Amino acid sequence: MKHKKINLLLSFIKGNRRNYIIAILFMILATMTSLINPLIIKLAVDSVIDKQPVSLTGVFLSMFNNIGGRDVLINNLWILGCLLILISVFNGIFNFLSKKYIAIVSERTAKNMRNKLYDHIQYLSYSYHVKVDTGDLIQRCTSDLDKIRRFISQQLMEIIRALTLISTALAIMLSLNVNLSIVSFVVTPIIVFVAFKFFKFIKIKFKETDEAEGKMTTVLQENLNSMRIVRAFAKQDYETDKFNKASKKFKETDFVVSKLMAWYWGATDFICDVQLGAILILGTVWATKGLLTIGTLLAFMAYSHNMIWPIRNLGRVLADMGKASVSLNRISEIFDEIGEDIDLESGLTPKINGEISFDHVSFEYEEGKPVLNDVTFHIEKGQTIAILGGTGAGKTTLVNLLVRLFDVKSGAVTIDGINVKDINRKWLRKKIGIVLQEPFLFSRTIKENIAFSNYNATEEQIESACRVASIYNVIRHFDKGFDTMVGEKGVTLSGGQKQRVAIARTLLNNHSILIFDDSLSAVDVETDAYIRDQLKKNLHSTTTLIISHRISTLKQADKILVIEKGMITQQGTHYELIREQGLYKEVFDIQSSLQSDTTKGGETRE
Ligand code: GTP
Ligand code: MG
C-alpha cells in the first residue's frame, strides 16, 4: 500500500524531478551558508576583541596566517563586515533559486495531478458516479490535491532543511565544544518524539475534519443546485438549519484540531525555552571557569536559536504530512476505482445495423433488490419500439443496459447477435444515440450544447437537426441566435425547449439506434407528433426506442412493450394490446376518455 502511494506521488512529479533536485540542492546550500554567520561572530569576539588564537586547523590556519593572521583582521575590521554581507548575499541567492525552482515544480505538479485525476474521473464507470458523493469528490479534486501539492513543495523541503540544519549545526557545535553540544541537543529528541506522537494522534482528527468539510460542501452544493425547489416549497429555514448543522459539525471538529495544535505549540515552546535557558546558564558557568570562550557561547546561543523554529516546526510539518497522507489515500482511492474504459482499445467495433435482443435479462442495482426480471424481447433492424410502464418500472434501467452504463447480472443483451459486453463501450455509445430523461445542458452557448455530440458538425447539420427537433424557430428568435448562452449566465429554457435541444444534440450524429427516454414528455402533443413525423422521414433505417406514457405516441410503434415491476407483461401492436386486458388498455381507456390531451400551444413549429 505504502509502495503504491509512493509510486503515485512519484508519478505526479514525473518530468519535474530534475527541477526538484536542483531546488533541494540550492536549499541545502542556503541552509549551510546560514550557519556561517555565528562563526564569524565568534571570530570577532574571540580573536579580535579578545586575544584568543583563531580556531582554525591545518590548511585553513596556514592560509589565514599567510594573508597576515589576526593582525590583519584587527586593522581591517571591514573585512569581517564584508564577509557577513557576502554570506548573506549568497544565502539570499541560494534561497531565491531554491524557491524559484520549487515554484516551478509546485505549479507543474499541481497541473499534472489535476489533469491526471480529471482524466481518470472522466472514465470512471457510471455506477461509480451514481453512488459517489459529488461534494466529497470535488473536495478530493481541490483541497486534497492542494494538500499533496504543499507536501511536495513545502513539507518535504522543510524536512530536508531541518535535517540539513540539525546535522550541519551538530557537526559545527561538536567541533566547538562537546559538553555544550550535548546540553544543546538533549531535548531535541524529546521534541521530535512528542511531535511524532502528536502527528500520529492528530491524523485521525484531521480525517474527521476533512469528512465534516466534505459533508458541508455537499449540503452547500445540493442546496445551490436545488434553489428553485427550495423556494417553491419555502424550505429555506429547513435548508438553513441543515447547513448550520453541517457547518457546526465542521466547526467543532476543526476546533478540536486547533485546540490540540495550541497545546502542541505551547508545550514545545516551553521545552525549547528550557533548552535555551540551560545553554545560557551552563555556558555562562563554563565560560567563567574558562572552559569555553565567550564567542563559542554566543555561537551556541545563535545556533540553538536558529534551530528552535525548524525543530518545533518539524512537528507541524509532520502533522501536515499526516494531512497529506490522508489526502493521498483519498486520491489513491479514486485511482483505485477501475475506469470502465481504461482499456479503450478492447472490445469489438462491429458495424451496427440495429437489431436488438434482450434474452432473459435480469438486473439489480443493489444486492437482493431486482429491478429487471427475466426480460426477453426482440427488435428488428429499423423498427420503432415503444415502451410503456409505470414510474420505477425499469424503463431507464433497460436502456442503461443497452449502452452498458451498467452490465447485466444474468442473461444477455445482444445487438446484431453480438453480446454488448463484447463491444467496445465507446464505440457502442457512438452508435447508439440517447436523449436522456433529464436532459442536461451545459452553461455554454446553444450551439456548443448541440455540437457536444459531434464537434465536427457543420452549421447546416446543426440547423437541420434543430428543424427536426422543432426548436429551430425558438433559437432563431433569441437575440444571439445559436450563440445565446444557456443556463446560469444566459437564457433559461423551458423543460420542453431543453428536451428539444437535447434531441437536436442527439440527432447530430448518425446513429444506428436511437433512444428517446420519455424525451417528449414536456412537449405538447402536436409538437410531439410533428417531431416524430420528422424523425420518421429522416431516420427510416434507424432502430428507434421510444419510452412514453402517451398513447398517441405509443400507438404508432411497430411493437409496444409494457413493463411492470421489472417484467415485460405485454408485447404487441397497439391494436393487439387494446384487445387484451392489461396496463396498456387501462392507460388507453383513461387517455381516450380524456378526449384529447391538453395542448400547450405557444411556440410556432418549423
Ligand atoms: P420513470 O423514469 O420514473 O418512468 O421510471 P423508470 O421505469 O425509468 O425506472 P428506472 O429504470 O429509472 O428505475 C427502476 C428502479 O431502479 C427504481 O426502483 C429505482 O429506484 C431503481 N434505480 C434506478 N436507478 C438506480 C441507481 O442508480 N441506483 C440504485 N440503487 N437504484 C436505482
Ligand atoms: Mg426513467
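This one's a predicted model, so the numbers in the text were calculated from it and none came from an experiment.

> Pulling in residues and values, what's your account of the overall build of the protein chain?
Secondary structure assignment for the protein chain yields 23 helices and ten strands. Expected size for 606 residues packed as a compact globule is a radius of gyration near 25 Å; at 37 Å, the protein chain overshoots this value by more than 25%. Structurally, the protein chain occupies a C-alpha span of about 120 × 45 × 45 Å along its principal axes. The long-range share in the protein chain, meaning contacts at least 24 apart out of those at least 6 apart in sequence, stands at 78%. For the protein chain, the exposed surface amounts to about 32200 Å²; the carbon and sulfur share of it is 59%. Of the side-chain charges in the protein chain, 73 are positive and 63 negative, and the distance between the mean point of each set is 7 Å.

> Could you give an account of the side chain of T33, naming the residues involved and the relevant values?
In this fold, T33 is placed in helix α2 (residues 17-33). Exposure remark for T33: the relative accessible area of 12% places this residue in the buried category. Within the structure, the side chain of T33 is placed 3.1 Å from the side chain of N91, a separation counted as a polar contact. When near neighbours in sequence (up to four residues on either side) are disregarded, T33 contacts I87, N91 and F94.

> Any details on the pairing of strand β7 (residues 513-517)? Residues and values, ideally.
In terms of burial, β7 is a largely internal element, five of the five residues being buried. Judged by which residues are buried, β7 turns out to be covered on both faces: I513, I515 and D517 on one side and L514 and F516 on the other are all buried. One ladder, built from four bridges, connects strand β6 (residues 432-435) with β7; its direction is parallel. Each bridged residue has a counterpart across the sheet, and for I432 the counterpart in β7 is I513. A crossover links β7 with its parallel partner strand β8 (residues 543-547), the connecting element being helix α20 (residues 525-538), and its sense is right-handed.

> Now, about the coordination of the magnesium ion (ligand 2): what can you tell me, with residues and values included?
Only T396 (OG1) and Q437 (OE1) from the protein reach the magnesium ion (ligand 2) as donors, at distances of 1.9 to 2.2 Å. With T396 in helix α14 (residues 395-402) and Q437 in the loop between β6 and α16 (446-451), this residue pair connects regions lying 41 residues apart in the sequence. What makes T396 partly exposed here is its relative accessible area of 29%. Relative accessible area serves as the criterion here: at 35%, Q437 is assigned to the partly exposed category.

> Run through the domain arrangement of the protein chain, naming residues and quoting values.
The domain boundaries assigned to the protein chain delineate domain 1 (13-338) and domain 2 (356-599). Computed over C-alpha atoms, the centres of domain 1 and domain 2 are 58 Å apart. Facing the five residues of domain 1 at the interface are four residues of domain 2. With both chains or domains summed, domain 1 and domain 2 bury close to 350 Å², and 72% of this area falls on carbon and sulfur atoms. Three residues stand out in domain 1 for area buried against domain 2, namely Y126, S127 and R228, and they jointly supply 81% of the buried area on that side. Where domain 1 packs against domain 2, one counts zero salt bridges. Our count for the contact surface shared by domain 1 and domain 2 stands at zero residue pairs in polar contact (both at pLDDT 80 or more). For the side of domain 1 that touches domain 2, the element with the most residues is helix α7 (residues 126-131), which contributes three residues. Of the residues that constitute the side of domain 1 that touches domain 2, the class distribution is three nonpolar, one polar and one charged.

> If you had to explain the packing of aromatic side chains to someone new, which residues and values would you point to?
Applying the stated rule across the entire model yields 15 aromatic pairs. Between the aromatic rings of F440 and F442, the centroid separation amounts to 5.3 Å while the plane-to-plane angle is 85 degrees, which identifies the pairing as edge-to-face. F442 gets classed as partly exposed once you look at its relative accessible area, which sits at 23%. The positively charged end of R444 is found above the aromatic ring belonging to F442, 4.1 Å away from the centroid. Between the NZ or CZ atom of R467 and the centre of the ring of Y472, over which it lies, the distance is 4.1 Å.

> Residues and numbers for the pattern of salt bridges, please.
Applying the stated criterion to the full structure yields 21 salt bridges. A salt bridge links K205 to E208, with the shortest nitrogen-to-oxygen separation between them at 3.9 Å. Within this pair, K205 and its partner E208 are both found in helix α10 (residues 188-225), separated by three residues, close to a single helical turn. A relative accessible area of 21% means that K205 is categorised as partly exposed. Here R404 and D407 are joined by a salt bridge, their closest N and O atoms 3.0 Å apart.

> Go over the site of ligand 1, please, and point to the residues and values.
Near ligand 1 lie 13 residues; those nearest to it are T391, K395, T396, T397 and Q437. Between E366 and ligand 1, the recorded distance is 2.8 Å, taken from a side-chain N or O atom to a nitrogen atom. Within the side chain of K395, a nitrogen or oxygen atom sits 2.7 Å from an oxygen atom of ligand 1. Protein contact buries 65% of the 650 Å² of open area that ligand 1 shows by itself. Among the secondary structure elements, those contributing two or more residues to the shell around ligand 1 are β1 (356-366) and α14. Of all the elements, α14 adds the most residues to the shell around ligand 1, at three residues. Residues of the shell around ligand 1, tallied by class, amount to four nonpolar, seven polar and two charged.

> I'd like to hear about helix α12 (residues 236-288), residue by residue, with values.
Given a rise of 1.5 Å per residue, 53 residues ought to cover 78 Å, and the 75 Å separating the end C-alpha atoms of α12 matches this to within 8%. One or two steps after α12, the chain reaches G290, where phi turns positive at roughly 80 degrees.

> Which residues make up a nonpolar patch on the surface, and what values go with them?
On the surface, a nonpolar cluster with roughly 320 Å² of combined accessible area is contributed by L170, L174, V178 and I182. Of all the elements in the fold, those that place two or more residues in the nonpolar patch are α8 (134-176) and α9 (178-185). Residue class for L170 comes out partly exposed when judged on its relative accessible area of 30%.

> Outline the side chain of K559, listing residues and values.
Looking at where K559 falls in the secondary structure, it is placed in strand β9 (residues 559-564). One buried charge, K559, has no salt-bridge partner; the nearest side chain with opposite charge is E380, at 7.4 Å. Setting aside its immediate chain neighbours within four residues, K559 contacts H378, T384, I385, A386, Q571 and G572.

Cut-off values and rules
- Residues numbered from 1 in each chain as written.
- Chains lettered and ligands numbered in written order.
- Predicted model: local features only at pLDDT ≥ 70, side-chain atom pairs only at ≥ 80, totals over all residues.
- Heavy atoms only, no water.
- Helix = DSSP H or I, 4+ residues; strand = E, 2+ residues; numbered from the N terminus.
- Rg over C-alpha atoms; globule rule 2.2 N^0.38 Å.
- Contact = heavy atoms within 4.5 Å.
- Areas by Shrake-Rupley, 256 points an atom, 1.4 Å probe, with all protein chains shown as cover.
- Lys, Arg positive; Asp, Glu negative; His and termini not counted.
- Charge placed at Lys NZ, Arg CZ, Asp CG, Glu CD.
- Buried < 20%, exposed > 50% of the residue type's maximum accessible area, 1.4 Å probe, protein only.
- Polar contact = N/O pair within 3.5 Å; in protein donor to acceptor, adjacent residues only side chain to side chain.
- Pairing = 2+ DSSP bridges.
- Right-handed = clockwise from strand over helix to strand, strands pointing away.
- Donors = N, O, S within 2.8 Å, 3.2 Å for Na, K, Ca; no water.
- Domains from an automatic or database assignment.
- Buried area = accessible area lost by both parts, 1.4 Å probe.
- Salt bridge = Lys/Arg side-chain N within 4 Å of Asp/Glu carboxyl O.
- Nonpolar A, V, L, I, M, F, W, Y, C, P; charged D, E, K, R; others polar.
- Phe/Tyr/Trp six-rings, centres within 6.5 Å; stacked < 30°, edge-to-face > 60°.
- Lys NZ or Arg CZ within 6 Å of the ring centre and 35° of its normal.
- Near = heavy atom within 4 Å.
- Expected span 1.5 Å × (residues − 1).
- Patch = residues over 30% accessible without salt bridge, like charges linked within 9 Å, V, L, I, M, F, W, Y side chains within 5 Å.

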